Amino acid sequence: MSFGGQLHCRLTPPGDRLTPAEIADRHPDQWVVLVKMERFEDRPGFRSAIVLGAHPDEREVLRMTHEIARRYHTSAQYHTRHLRSKLFQP
């Protein structure tokens, strides 16, 4: 699926809220676009988010983000190798 037919990213319909570890398990070694993030109140990082897309190439994910921005107020991009860091641990 793609928005506008211009993207080569794997976009997914909004799905389940996932933890950073679950996101990393489902999308190993990829860039992901996240929306509706539940952030920690006292530090950087997040508890959970909804994945809208994933791709190994950061440029493709950035293109996807521009399309997603039309539908969601905020989104974020992360590489899943970073989601296992202490920053994202509960």
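Look up a bit, the structure's there.
Everything numeric in this text was worked out from a predicted model, so none of it was measured.

Caption draft 1: Local environment of the environment of R39. Mapping R39 onto the fold places it in strand 3 (residues 31-39). Not counting residues within four places of it along the chain, the set of residues in contact with R39 comprises G45, F46, R47 and Y78.

Caption draft 2: Local environment of the nonpolar core. In this structure, I23, V32, L34, M37, F46, Y78 and L83 are the most contacted members of the largest nonpolar core, which totals 14 residues. Looking at this core, the elements with two or more residues in it are helix 1 (20-26), strand 3, strand 4 (46-55) and strand 5 (76-79). Take this core: its biggest share by element is 4 residues, from strand 4. Not counting the four nearest positions on each side in its chain, L34 is found in contact with I23, F46, A49, I50, V51, S75, A76 and Y78. Residues W31, V35, I50 and V61 belong to the second largest nonpolar core, which totals 9 residues.

Analysis parameters
- Residues numbered from 1 in each chain as written.
- Predicted model: local features only at pLDDT ≥ 70, side-chain atom pairs only at ≥ 80, totals over all residues.
- Heavy atoms only, no water.
- Helix = DSSP H or I, 4+ residues; strand = E, 2+ residues; numbered from the N terminus.
- Contact = heavy atoms within 4.5 Å.
- Core = buried A, V, L, I, M, F, W, Y, C linked by side-chain atoms within 4.5 Å.
- Buried < 20%, exposed > 50% of the residue type's maximum accessible area, 1.4 Å probe, protein only.

Shape is all these values report; function is a separate question.
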